[in-house]
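Here's the letter readout for the chains.
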Amino acid sequence: MSIVENRKAFHEYFIEERFEAGMALEGWEVKAIRAGRAQIGDAYVMVRGAELYLIGSHIAPLPTVSTHFTPNPTRTRKLLMRGEEIRRLIGKVEQRGYSLIPLNLHYAKGRIKVELALAKGKLQHDKRADKREKDWNREKQRLLRSR
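Quick caveat: nothing in here was measured; it's all calculated off a predicted structure.

A.B. asks: Describe the layout of surface pockets, and please don't skip the residues or the numbers.
C.D. replies: Roughly 200 Å³ of volume is contained in the largest pocket. Considering the residues around the largest pocket, the lining is formed by Phe10, His11, Lys122, Lys127, Asp130, Lys131, Glu133, Lys134, Asp135 and Arg138. Going through the elements one at a time, helix H1 (8-12) and helix H4 (124-146) are the ones with two or more residues in the lining of the largest pocket. Among the elements that line the lining of the largest pocket, the one with the most residues is H4, at seven residues. Of the residues assigned to the lining of the largest pocket, the class counts are one nonpolar, one polar and eight charged.

A.B. asks: Summarise the environment of Gly22; cite the residues concerned and give the values.
C.D. replies: One can find Gly22 in strand E2 (residues 13-23). Sequence spacing of Gly22 and Ile40 is 18 residues, and the spatial spacing of their C-alpha atoms is 15 Å. Once residues within four sequence positions are removed from consideration, Gly22 is found in contact with Lys78, Leu79, Leu80, Ile112 and Lys113.

A.B. asks: Requested: an account of the sheet that holds strand E8 (residues 99-108), with residues and values cited.
C.D. replies: Pairing is antiparallel across the open sheet formed by seven strands, whose spatial order is E1-E8-E9-E2-E7-E5-E4. Of all the strands in the sheet, just strand E1 (2-5) and strand E4 (44-48) have a single pairing partner and so form its edges. Taken pair by pair, the neighbouring strands of this sheet meet at an average axis angle of 40°, ignoring direction. Inspection of the sheet shows E2 paired to strand E7 (residues 77-80) by two bridges, in the antiparallel sense. The residue of E7 that forms the bridge with Gly22 is Leu80. Relative to E8, helix H2 (residues 27-34) is tilted by about 80°, and along the sheet it contacts E1, E7, E8 and strand E9 (111-121).

The rules behind these values
- Residues numbered from 1 in each chain as written.
- Predicted model: local features only at pLDDT ≥ 70, side-chain atom pairs only at ≥ 80, totals over all residues.
- Heavy atoms only, no water.
- 1 Å grid on protein atoms, 1.4 Å probe; cavity = no way out; pocket = protein on both sides within 12 Å on 5 of 7 lines; lining within 4 Å.
- Points joined across faces, edges and corners; volume = space filled by probe spheres on them.
- Helix = DSSP H or I, 4+ residues; strand = E, 2+ residues; numbered from the N terminus.
- Nonpolar A, V, L, I, M, F, W, Y, C, P; charged D, E, K, R; others polar.
- Contact = heavy atoms within 4.5 Å.
- Pairing = 2+ DSSP bridges.
- Axes fitted to C-alpha atoms, helices over the stretch in contact; angles between N-to-C directions.

Listed below in structure tokens is the structure:
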């Protein structure tokens, strides 16, 4: 079940492979995500050492967060994956010019997971070609329905 999606990712990137990762979250973040107060539109994944971190995601705290605690909505969050998967992803990102971007946050067996994509950036002419193809498919469906 999806919580929040990054729709901009499909417009900006060619998606090659998808992976699922856990996230190291604090209690208030889990409550806020369950309330639907998360955004990953501008988020990306960065490699530091042999670890992956989600940067730029925004989780707005609930108004009921404790008064003696100041939450940081845009803090860097560590992603949890198996070591061999991380090493494989790091190799692809460093060698072939791929990017790691989050596609969505979802529940898996009661836990909050993030779906990552190994992606290549689209150029402007690629985006125009995709839009042209999408418009043509829509027109084709319209013509077939009118018959």
